[in-house]
Structure formats: structure tokens, C-alpha cells
Amino acid sequence: MKKISFIIGLLVLLSGSSIMAQCDVKNKVLADGTMMYYFEPANFYVTKSKSLKINIVTDKEHYFVSLQPSPFPAKSEGKKIKDDLIIHLADNKQYKLAHYDTQYRNNDSIMQVLYLIDDKDIEAFSNFEAIVAEINMKGTEFVRSYNFKLHKDAIKEQLNCFLKKDEK
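Residues numbered from 1 in each chain as written. Predicted model: local features only at pLDDT ≥ 70, side-chain atom pairs only at ≥ 80, totals over all residues. Heavy atoms only, no water.

Q: Got a minute to help me understand the environment of A154 in this structure?
A: As for its position among the elements, A154 is in helix α4 (residues 154–167). With 110 residues separating them in the primary sequence, A154 and F44 have C-alpha atoms 8.4 Å apart. Non-local contacts of A154, meaning those with residues more than four positions away in its chain, are made with A42 and F44. (Helix = DSSP H or I, 4+ residues; strand = E, 2+ residues; numbered from the N terminus. Contact = heavy atoms within 4.5 Å.)

Q: Can you help me understand the pattern of salt bridges in this one?
A: When charged atoms on two side chains of opposite charge get close, those side chains can pair. Applying the stated criterion across every chain, the model contains four salt bridges. Across the pair K26 and D24 runs a salt bridge, and its minimum N-O distance is 3.2 Å. Take K26: its relative accessible area is 26%, and that puts it in the partly exposed class. The partner of E77 in a salt bridge is K80, and the shortest N-O contact between them spans 3.1 Å. Since its relative accessible area comes to 28%, E77 is described here as partly exposed. Here K80 falls in the partly exposed class, since its relative accessible area comes to 44%. (Salt bridge = Lys/Arg side-chain N within 4 Å of Asp/Glu carboxyl O. Buried < 20%, exposed > 50% of the residue type's maximum accessible area, 1.4 Å probe, protein only.)

Q: Looking at this structure, how should I read the side chain of H99?
A: Mapping H99 onto the fold places it in strand β7 (residues 94–105). Polar side-chain contacts of H99 include one of 3.0 Å to the backbone oxygen of I81. Not counting chain neighbours up to four residues away, the residues in contact with H99 comprise I81, K82, D83, D84, V113, L114 and Y115. (Polar contact = N/O pair within 3.5 Å; in protein donor to acceptor, adjacent residues only side chain to side chain.)

Q: Could you clarify how one ought to interpret the packing of aromatic side chains in this entry?
A: Think of a pair of aromatic rings as described by two things: how far the centres are apart, and how the planes are tilted against each other in angle. One pass over the full model with this rule turns up seven aromatic pairs. Feature note: the residues F39, Y63 and F162 constitute an aromatic cluster, connected by ring pairs. Lying over the aromatic face of Y38, K28 brings its terminal NZ or CZ to 5.3 Å of the ring centre. Over the face of the ring belonging to Y146 we find K50, whose NZ or CZ atom lies 5.3 Å from the ring centre. (Phe/Tyr/Trp six-rings, centres within 6.5 Å; stacked < 30°, edge-to-face > 60°. Lys NZ or Arg CZ within 6 Å of the ring centre and 35° of its normal.)

Q: I'm lost on the state of the cysteines in this one. Help?
A: Each disulfide consists of a covalent bond between the sulfur atoms of two cysteine residues. Counting across every chain of the model gives one disulfide. Shown here is the disulfide that connects C23 with C161, its sulfur atoms set 1.9 Å apart. A torsion of -75° about the S-S bond marks the disulfide between C23 and C161 as left-handed. With C23 in the loop between α1 (2–22) and β1 (26–29) and C161 in helix α4, this residue pair connects regions lying 138 residues apart in the sequence. (Disulfide = S-S within 2.5 Å.)

Q: Please clarify how the pairing of strand β5 (residues 63–70) should be interpreted in this entry.
A: Taking burial as the measure, the eight residues of β5 include seven buried ones, the bulk of the element. One ladder, built from eight bridges, connects strand β4 (residues 51–58) with β5; its direction is antiparallel. Directly across from L52, in β5, lies its bridge partner P69. Hairpin connection of β4 to β5: four residues between the antiparallel strands, including K60 at a positive phi of 75°. Here four bridges tie β5 to strand β8 (residues 110–116), and the two strands are oriented antiparallel to one another. The residue bridging F64 from the neighbouring strand is L116, located in β8. (Pairing = 2+ DSSP bridges.)

Spelled out as C-alpha cells, the structure:
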């Protein structure tokens, strides 16, 4: 009986720690003094020729989808990326996210493009997993489509972590 209680207790502890790890929010202060909250990017798509990492970023007022495509264009070309992002969710609808900013970080070794999630779409993004993203990668090709293979529910899970914390 002690073994069963110990095993059940261990399972509860392990499952609780994995739930806590999913909501491991990081933060950083931007140059303008704005505090931004984010998660480590999750791999959504990986092949030999291209990959895409995605995470949710927020200033506690607005929510953004952050994309880190690879390969990415040179800074002079990448700064031309101004088109909106189209994401198809599991509800069989597509959502247009407005381009917000294109940044090169870590001595230009990472390109990050931020897209604003419209307030009216927050509920859909918090309830359905992502299926496809379409990005106009100026300078490299016309529209790059990513059919998500990995962590399809990362946007949903990360957004829900922020929404739960905001309720408190």
C-alpha cells in the first residue's frame, strides 16, 4: 500500500512540475523601458532546408506571435518584411495577424518577426491549435508556407498561461 501511495504521489508531483514548466514565463526590459513577457520559442517546423520557431510575447496589454524563421534574409532585405501573417487554426478558419516589428537579435544571428493578435481573435488562438502559417518573406521567395509538424498547440498553451496569470 505504501508503494502505491508513493507512486501516486510521485506521478502527481511529476505531472504538476510539467504543468509549471509549460508556464515558465521569462521577461526582459526593452530599450524604451517596456517590460515584455515571453516563452522560449517552440519548434513548429523543421526540415533540412528551413525551420520555424514560434512563441507568444506580451506587454500585458497586447499579445504577439513571434516567428523565428531560418534561413532568414539579410538585414537589408528582412527589414522589408511588412506583410501580415496568415495562420490557419484547427477551427478551419484563417486569421490575419498584423505585422508589428522585424528585429535582428544576438548580433544578427536570430531574426524575429512580431505579429499582433487582434483582440477579437484571442479566444480562437487560446482554443485551437495552429495548422499552417503563411509568411511573405521578401527577398527570399514569395510566400513561405509552413505546415506545422511539431508543437501545434504551443501558441494555445502559451497564450492560456498568460491569460490565466492575467486573471489573477
